[in-house]
Amino acid sequence: IRSAVPEESSGQPASRGVIGLVGRKVIKELVFPLLRPMLGAAAASAVHWLETTRWPYRVRTVTPDDYRQADASPIDRDGWSRIGAGKALLLVHGTFSRSHMAFAALPKADVETLYRRYEGRVFAFDHLFLSEDPAANVRWLVSQMPDDVRLDLDIVCHSRGGLVSRVLSEKQSELSLGGRTIGVGKVVLVGVPNAGTALADPEHVETLLDVFTNILNFVPDSFGAPALSMIVEFAKLAAIGALGNLEGLKSMNPAGDFARWLNTPGQIGTTRYFAVASNVAPAEAGLRHFVRSRALNALLKGGNDLVVPSDGVFAGNGSPLFPVGHPLLLEGES
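Since we're looking at a predicted model, the values are computed, not measured.

Taken across its 6 residues, strand E2 (residues 87-92) has 5 buried, putting it largely inside the fold. Sheet topology note: the E2/strand E3 (residues 122-126) ladder contains 4 bridges and is parallel. Counted as the bridge partner of Leu-89 is Val-122 from E3.

What follows covers the pattern of salt bridges. Across all of its chains, the model carries 14 salt bridges by this definition. The shortest N-O distance in the salt bridge between Asp-148 and Arg-77 comes to 3.3 Å. With Asp-148 in the loop between helix H5 (134-143) and strand E4 (150-158) and Arg-77 in helix H2 (residues 77-83), this residue pair connects regions lying 71 residues apart in the sequence. Glu-174 serves as the salt-bridge partner of Lys-171, at 4.0 Å between the closest nitrogen and oxygen. If you follow the salt bridges from partner to partner, you end up with Arg-58, Arg-98 and Asp-126 in one network.

Below, the discussion takes up the pairing of E4. Along any regular strand, the residues point their side chains to alternate faces of the sheet. Two elements, E2 and E4, share 6 bridges in a ladder whose sense is parallel. What sits directly across from Ala-88, in E4, is Leu-153. Two elements, E4 and strand E5 (residues 181-190), share 8 bridges in a ladder whose sense is parallel. Each residue of the ladder has a partner; that of Ile-155, found in E5, is Val-187. In this view, the connection linking E4 to its parallel neighbour E5 by way of helix H6 (residues 161-170) has right-handed handedness.

Attention now goes to empty space enclosed by the protein. Across all of its chains, the model carries 2 cavities of 30 Å³ or more by this definition. Of the voids in this model, the largest cavity is the one considered here, and its volume is about 50 Å³. Contributing to the lining of the largest cavity are Val-62, Tyr-67, Leu-91, Phe-103, Leu-106, Val-111, Leu-114 and Val-122. Its residues assigned to classes, the lining of the largest cavity shows 8 nonpolar, no polar and no charged.

With that settled, consider the confidence of the model for the chain. Counting all residues, the mean pLDDT for the chain is 85, and 81% of those residues have values of 70 or more. Across residues 26-32, confidence stays below pLDDT 50; counting only partners more than four residues off in sequence or on other chains, it has 6 contacts.

On to a positive patch on the surface. A surface patch of positive charge is lined by Arg-116, Arg-117, Lys-186 and Arg-272. Topologically, Arg-117 is positioned in helix H4 (residues 108-117).

For Asp-154, the position within the fold is in strand E4. Of the polar contacts made by the side chain of Asp-154, one reaches the side chain of Tyr-118; its length is 2.7 Å. Setting aside its immediate chain neighbours within four residues, Asp-154 contacts Lys-87, Ala-88, Leu-89, Leu-90, Tyr-118, Gly-185 and Lys-186.

On to the nonpolar core, then. By size, the foremost hydrophobic cluster in this structure holds 75 residues, and its most contacted members are Trp-80, Phe-96, Phe-123 and Leu-168. Here this core gets 5 residues from one element, more than from any other, and that element is helix H7 (residues 205-215). What Leu-168 contacts, discounting residues up to four positions off in sequence, is Leu-90, Val-138, Leu-141, Leu-153, Ile-155, Ile-182 and Val-184. Val-62, Leu-89, Leu-91 and Ala-124 belong to the second-largest nonpolar core, a separate cluster that totals 9 residues.

Each value, and the rule that gives it
Residues numbered from 1 in each chain as written. Predicted model: local features only at pLDDT ≥ 70, side-chain atom pairs only at ≥ 80, totals over all residues. Heavy atoms only, no water. Buried < 20%, exposed > 50% of the residue type's maximum accessible area, 1.4 Å probe, protein only. Helix = DSSP H or I, 4+ residues; strand = E, 2+ residues; numbered from the N terminus. Pairing = 2+ DSSP bridges. Salt bridge = Lys/Arg side-chain N within 4 Å of Asp/Glu carboxyl O. Right-handed = clockwise from strand over helix to strand, strands pointing away. 1 Å grid on protein atoms, 1.4 Å probe; cavity = no way out; pocket = protein on both sides within 12 Å on 5 of 7 lines; lining within 4 Å. Points joined across faces, edges and corners; volume = space filled by probe spheres on them. Nonpolar A, V, L, I, M, F, W, Y, C, P; charged D, E, K, R; others polar. pLDDT = per-residue confidence, 0-100. Contact = heavy atoms within 4.5 Å. Patch = residues over 30% accessible without salt bridge, like charges linked within 9 Å, V, L, I, M, F, W, Y side chains within 5 Å. Areas by Shrake-Rupley, 256 points an atom, 1.4 Å probe, with all protein chains shown as cover. Lys, Arg positive; Asp, Glu negative; His and termini not counted. Charge placed at Lys NZ, Arg CZ, Asp CG, Glu CD. Polar contact = N/O pair within 3.5 Å; in protein donor to acceptor, adjacent residues only side chain to side chain. Core = buried A, V, L, I, M, F, W, Y, C linked by side-chain atoms within 4.5 Å.

Laid out in structure tokens, this is it:
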């Protein structure tokens, strides 16, 4: 293989030209801000394509044998009939996750107990968490149900999945249910940003990505690798301004339109909320340094699980179903 080595210059080092400096300044301060909206819109479209291609919508079975599998069976017409035959349990994952990742740590014995208690009527919803907001997620879910289905659901949801679950339980009057009837009984909200999280503010996108990447150090490789691939793909697109156009992430912004819409009086019915929140004190030196250097406790205004403020999971927020009484608050080192 021939090599090409540049000859050393025999003259004096060239001084940096003012045209080069001005050119770079113009690109940085003028051209890029003008292009950012177009780049952001294009990047958001790319994110939507990426999600629908690699991590698409799906309603899937959950059994003691397949709950950790990515290729579980989809729910078909007969499946909806079985789910509608009695009380059913719906599992909803959060950001940078899928059902088989979010609930993989559940002991098999516990899944067997749930499967038995709900007589096999346990299923999960894989949703788009970046490019579409929770209301759009729920509209897709409803569109997959037969028009005459009658569901009686309990829900266990994590992180952003709780916002999806709340739309289903609180905002049915704003959905087109057709002939469908969907009753929501108990909802267990685990680490849900019901009052939003400052990390979803566009100004903190870098910290958001860093937090999720650090959390993956505590996740088994078999489930951490797919999550990391999601984060990497998102990071590449976020670098050109996609965040401001991603409705899924904007839904977790405390000052965003979605948060204001969700946390207002709405449908109550017989739904009961239960909340599980945590206040983490990192024990690992590297993670502890990261939290301090990024001032996460100040950014999230007190106790938090590194992403969601602890009291934001259960405190009053404008919805008639909040505050949630007797929350389970887990505190300790991680």
